[in-house]
Amino acid sequence: MLDVTTMDLLALEKEHSSGTYIKREIQIVRGEGARLWDADGHEYIDCVGGQGAANLGHSHPAVVSAIQQQAATLMSCPEFFHNPVRARYQAALCEAAGMPRVYLCNSGAEAIESAIKLARVATGRTGIVAAMRGFHGRTMGALSATWNKAYREPFEPLVPGMSHVPFNNIDRLAEAITDQTAAMIIEPVQGEGGVHPAEPGYLKAAERLCHERGALLILDEIQTGFGRTGYFFGHEYDDVQPDLIALAKSIGGGVPMGAVLMGERVGALPPASHGSTFGGNPLACAAGLAVLDVLCHSDLIERARTRGEAVMAHLRENLPAEAIREVRGRGLLIGIELKDKVAPVLRALQARGVLALPAGLTVLRLLPPLVISDEDLWQAITIVEETISHAI
Ligand SMILES: *Cc1c(COP(=O)(O)O)cnc(C)c1O
């Protein structure tokens, strides 16, 4: 294209993209670690973290080198052939998770679809119990397990068999899980729904109820997995053994990838019962192997825990009580519930060089890459504090 300016390209994207995304008026062109740059050369501290896809930061050198090499060797290879990179990746992921099998796919919603199908086929039952405020993705099955009516209603009728219970309420869960239930699906920390962690004991109770009644426990670790909460998985806080774990977002280090880890109670899938053309492609597997290698041989996960605790303690101490209801989260998945709307705060942060996310209308969500330097992290937190204080 000839000589187009940034403004032209913003307009071009508005004209031709689907319309579903409410876009911010900046064009991001480059990333490195926890920093992003726009087309006008402005630099940002990134607390969006690719919406959870950039736990290792942008263009991590180990991921870049792995995909450069793999791109020059072999990119697509359907799963009816064996492939050495996939073999190594599946073994490494299963070992890291302590689970025997894995099904590979390409996104979070696809991992949830797969987990629902696997639960139905493994149990011969149809019921899926999910949580109010839960978010599991936008495809028909994942959407059916999602709570937010605004996401669901335009697309009804949805997949039957889904029910929703109040999050963190064990009694209501005990009523909902029956001998018709294939699985309970839940996020260890509800992300989109406002950054609400499962209370201690809740996941354990879910595990016990599922086991007693012959249902499976599916954990949606798409946002909470891979170090985000200060543990490899978000459920490690509650010491549970899920039957299925849905993964995506950061597992490919920025390359689209999803996975469903399958426990002993699930067993193997019947031959030819499910599948995906791109699932387990060598490019994504090479990226995934590099990600696991970095995560398992660095202190990034522990850092997420200590930095997250320090940041949340600091914010609770220093944010003005007139402006906020609560600071909550786990590790570097941090939610600040404001008394007012979050949108103006996000705009003000962006103007001051900090990019952050909402989680609903009043929650400011911070998902910085785990590689963020202490200097950048505390600078971002100072700017968040000043911005929220000025907003009142
Ligand atoms: C992002 C997300 C999904 C959906 O993942 P996509 O890759 O966007 O389809 C599902 N569950 C949770 C908890 C998520 O955060």
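Relevant structure appears above.
Residues numbered from 1 in each chain as written. Predicted model: local features only at pLDDT ≥ 70, side-chain atom pairs only at ≥ 80, totals over all residues. Heavy atoms only, no water.

**Looking at the site of the ligand**
As a reminder of what qualifies: Note on definitions. A residue lies near a molecule or strand when any single heavy atom of the residue is within 4 Å of it. The term polar contact refers here to a pair of N or O atoms within 3.5 Å; inside protein, the definition further demands a hydrogen-donor-capable atom paired with an acceptor-capable atom, and it admits residues adjacent in sequence only when both atoms are side-chain atoms. Note that accessible areas follow from Shrake-Rupley with a 1.4 Å probe, and for residues the cover is restricted to the protein chains shown. Ten residues, namely Ala, Val, Leu, Ile, Met, Phe, Trp, Tyr, Cys and Pro, are considered nonpolar, four, namely Asp, Glu, Lys and Arg, are considered charged, and the remaining ones, Gly among them, are considered polar.
As a structural note, the neighbourhood of the ligand is formed by Ser 107, Gly 108, Ala 109, Phe 135, His 136, Gly 137, Glu 187, Asp 220, Ile 222, Gln 223 and Lys 249. One nitrogen or oxygen atom from the main chain of Ala 109 is found 2.8 Å from an oxygen atom belonging to the ligand. Between a nitrogen atom of the ligand and a main-chain N or O atom of Phe 135, the distance comes to 3.3 Å. Relative to its unbound accessible area of 380 Å², the ligand is 82% covered by the protein chains. For the shell around the ligand, the residue count by class is three nonpolar, five polar and three charged.

**Quick look at unusual backbone geometry**
Here is the rule we go by: Working definition: helices are DSSP H or I runs of at least four residues, strands are E runs of at least two. Numbering for both runs from the N terminus. Three labels apply to residues, based on accessible area from a 1.4 Å probe with only protein chains included: buried if under 20% of the type maximum, exposed if over 50%, partly exposed otherwise in between.
A cis amide bond links Glu 156 with the next residue in sequence, Pro 157, at an omega value of 5°. Examined against the element boundaries, Pro 157 turns out to sit in the loop between helix H7 (149-152) and strand E6 (162-165). With a phi close to 70°, Asn 168 is a non-glycine residue in the positive phi region. Assignment of secondary structure puts Asn 168 in the loop between E6 and helix H8 (170-176). For Ala 272, which is not glycine, the phi torsion reads 60° and is therefore positive. With respect to the helices and strands, the residue Ala 272 is situated in the loop between strand E12 (258-262) and helix H10 (282-296). Classification of Ala 272 by relative accessible area gives exposed; the value is 85%.

**Regarding the sheet that holds E12**
Using the following cut-off: What makes two strands pair is DSSP finding at least two bridges between them. Lines fitted to C-alpha atoms define the axes here, with helix axes fitted over just the stretch in contact, and angles between the N-to-C directions of these axes take values from 0 to 180 degrees. Residue contacts are counted whenever heavy atoms from the two residues lie within 4.5 Å of one another.
Reading across the sheet, the seven strands line up as E4-E12-E11-E10-E7-E5-E6 and stay open at both edges, with mixed pairing between neighbours. In this open sheet, the two strands that pair with only one neighbour each are strand E4 (101-105) and E6. Mean inter-strand twist for the sheet, computed between neighbouring axes without regard to direction, equals 20°. Here helix H9 (residues 202-212) sits on the sheet in contact with E6, strand E7 (181-186) and strand E10 (216-220), set at roughly 145° to E10.

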